[in-house]
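Given next are the chains, with one letter for each unit.
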There are 2 protein chains.
Amino acid sequence: MPAAARPKTRKNPQPASPWAARRRLRAGHALKRDAVILAAARAFRARGYHNTSLDDLAASLEVTKPTLYLYVPSKEAILFECFRAGLAQIHSTLEECERAEGKARERLFAFIRGYAAAIVGDFGWCMLRAEDQHLGTAMSRRIKLLKAGIDRRMRALIDAGVTDGSIRACDTKMTAFALAGALNWMGHWYREDASLNPQEIADRFIDVFNRGLRGRD
Amino acid sequence: MPAAARPKTRKNPQPASPWAARRRLRAGHALKRDAVILAAARAFRARGYHNTSLDDLAASLEVTKPTLYLYVPSKEAILFECFRAGLAQIHSTLEECERAEGKARERLFAFIRGYAAAIVGDFGWCMLRAEDQHLGTAMSRRIKLLKAGIDRRMRALIDAGVTDGSIRACDTKMTAFALAGALNWMGHWYREDASLNPQEIADRFIDVFNRGLRGRD
């Protein structure tokens, strides 16, 4: 049994499984990989994808570039992982809203709040911009497909609202695009020192989309 | 009367003024410069700013790179000119809507139609993306200022609507951001083979923003 695999706190040590050691190694590897992806997401947002080199990234993490390659095969793959991390947030809020009780309009609005939080989060920039970085064809196609999945589920929420009467009949595709546009655009103008937090912004948007702008006349 | 001011159809030609020749040269130069800017706008949209070199651009115009430099001093300057060309379109529709008769809500909606047309036009991509290309500080500041000017005038239109009663009381800043987001996002998803043209899309957006989504309940 290799010494490295023995847990330090155990009272009556049993021969540890070599698989346990491998699991710990894997967990450590995954943590470091996550750190690489988070650092990259922040660098891409701050300086842009094309202006960030793997050398910059390695320097910011105080590792060598060959060390980086233990965790990620290429800069393009890192961007994809950043995109995927942002997408995971959106998926989890979508699932919650799809499963929730209540009228679909309220569930759509709950989704808007979750989406706004994800957009201004660490991976928001990469999620919005990955597609613009002129990646390889296969990568672009995967990103497009994953984005289309979100769009489809958002439209399904709006359709459900039209069905349950909580949303009036409308062009659900264009409504989804208008909503996604308003929210995604936050990634362009939102700064953390802004006077409103993402939830307050989402509430203002919900007010506009819920009641419309039409005045008394 | 200076020679240059004489109409060309005159029967007994006088010695042509060298200034007239210079004016013709200048007009020719401006036309060629416009062609450079238009070709660049299309190339940036198709391949991205960072993936388009001045060599590519020169090749697409069938001129040499030194010839390009007769018209534009740098790639950054070209991007700025593309941005400015898009902005000019937005400005002209804004001016029209500001001057028009009628309630501000209708004038805002007319502006939305003009804006949608500009976004999907040749310079829309550059107008939306110029700021993301990590340009020099001075250039970035100019672009930000010019964009802020559009935002300010859009908010003024919404404020005017609240004042004349055609738009209900709302957070006018967030309303302008939601509208701009919905419209700007068209630049990401709109393709010319789309089933709706920009005016039809604008009308769907106007419907959502005008009446809101709230159903019967």
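Residues numbered from 1 in each chain as written. Chains lettered and ligands numbered in written order. Predicted model: local features only at pLDDT ≥ 70, side-chain atom pairs only at ≥ 80, totals over all residues. Heavy atoms only, no water.

Considering the overall build of chain A
Next up, step 1: For chain A, the count of helices and strands is nine helices and zero strands.
Next up, step 2: In chain A, buried positions account for 47% of the 217 residues.
Next up, step 3: Total accessible area on chain A stands at roughly 11200 Å², and carbon and sulfur atoms take up 53% of it. (Helix = DSSP H or I, 4+ residues; strand = E, 2+ residues; numbered from the N terminus. Buried < 20%, exposed > 50% of the residue type's maximum accessible area, 1.4 Å probe, protein only. Areas by Shrake-Rupley, 256 points an atom, 1.4 Å probe, with all protein chains shown as cover.)

Here's the deal with the relation of the copies chain A and chain B
The relation between the two copies of this chain is a rotation about an axis and a shift parallel to it.
Next up, step 1: Mapping chain A onto chain B leaves a residual RMSD of 0.2 Å; the transformation is a rotation of 180 degrees accompanied by 0.0 Å of translation along its axis. Here the two chains are linked by the operation of a two-fold rotation axis. Of the C-alpha atoms belonging to chain A, the one lying closest to the rotation axis is found on Gly212 of chain A, 1.8 Å away.
Next up, step 2: Interface residue correspondence from chain A to chain B reaches 100%, placing this contact among same-surface, isologous pairings. (Least-squares fit on C-alpha atoms with pLDDT ≥ 70 in both. Contact = heavy atoms within 4.5 Å.)

Here we look at the interface of chain A and chain B
Next up, step 1: With 43 residues of chain A in contact, the opposing surface of chain B contributes 44 residues.
Next up, step 2: Between chain A and chain B the total buried area reaches about 4400 Å² when both faces are included, carbon and sulfur atoms providing 59% of it.
Next up, step 3: Counting across the chain A and chain B interface gives four salt bridges.
Next up, step 4: Arg168 of chain A serves as the salt-bridge partner of Asp207 of chain B, at 3.2 Å between the closest nitrogen and oxygen.
Next up, step 5: Where chain A meets chain B, there are 16 residue pairs in polar contact (both at pLDDT 80 or more).
Next up, step 6: The element that contributes the greatest number of residues to the side of chain A that touches chain B is helix H8 (residues 172-189) of chain A, accounting for 10 residues.
Next up, step 7: Taken together, the residues of the side of chain A that touches chain B break down into 17 nonpolar, 13 polar and 13 charged. (Buried area = accessible area lost by both parts, 1.4 Å probe. Salt bridge = Lys/Arg side-chain N within 4 Å of Asp/Glu carboxyl O. Polar contact = N/O pair within 3.5 Å; in protein donor to acceptor, adjacent residues only side chain to side chain. Nonpolar A, V, L, I, M, F, W, Y, C, P; charged D, E, K, R; others polar.)

Some words on the side chain of Thr175 of chain A
Next up, step 1: Topologically, Thr175 of chain A is positioned in helix H8.
Next up, step 2: Setting aside residues up to four positions removed in sequence, Thr175 of chain A forms contacts with Ile158 and Cys170 of chain A together with Val208 and Leu213 of chain B.

A short note on the nonpolar core
Here is a general trend for soluble globular proteins: nonpolar side chains tend to be buried in one another's company.
Next up, step 1: Of all hydrophobic cores here, the largest spans 132 residues; its most connected members are Leu108, Phe205 and Phe209 of chain A together with Leu108, Phe205 and Phe209 of chain B.
Next up, step 2: Beyond its immediate sequence surroundings of up to four residues, Leu108 of chain A is in contact with Met154, Leu157, Ile158, Ile167 and Leu179 of chain A together with Leu213 of chain B. (Core = buried A, V, L, I, M, F, W, Y, C linked by side-chain atoms within 4.5 Å.)

Let's talk about the packing of helix H8 (residues 172-189) of chain B against helix H9 (residues 198-211) of chain B
All names here are of chain B.
Next up, step 1: Orientation of H8 relative to H9, taken along the N-to-C sense of each, is 150 degrees, at an axis distance of 11 Å. Between H8 and H9, the angle falls in the class roughly antiparallel. Where H8 crosses over H9, the handedness of that crossing is right-handed. Together, Ala178, Leu179, Ala182, Leu183, Met186 and Trp189 of H8 and Pro198, Ile201, Phe205 and Phe209 of H9 make up the contact between the two elements.
Next up, step 2: Across the contact of H8 with H9, the residue classes tally to 10 nonpolar, no polar and no charged. (Axes fitted to C-alpha atoms, helices over the stretch in contact; angles between N-to-C directions. Parallel < 35°, antiparallel > 145°, perpendicular 65-115°, else oblique. Left-handed = near helix turned anticlockwise from the far one by under 90°.)

Examining the confidence of the model for chain A
Residues and elements named next belong to chain A.
Next up, step 1: The share of residues in chain A with pLDDT of 70 or more is 90%, and the mean pLDDT across the chain is 88.
Next up, step 2: Note that residues 1-8 has pLDDT below 50 and, in this model, nine contacts with residues that lie over four places away or in other chains.
Next up, step 3: Interface predicted TM-score (ipTM) for the complex: 0.83; the corresponding pTM is 0.83. (pLDDT = per-residue confidence, 0-100.)

Looking at helix H5 (residues 104-120) of chain A
Next up, step 1: In a regular helix each residue adds 1.5 Å, so 17 residues correspond to 24 Å; H5 of chain A covers 25 Å between its end C-alpha atoms and thus fits that length.
Next up, step 2: Residues of H5 of chain A that are buried include every one of Ala104, Arg105, Arg107, Leu108, Phe109, Phe111, Ile112, Tyr115, Ala116, Ala118, Ile119 and Val120 of chain A, and no others. (Expected span 1.5 Å × (residues − 1).)

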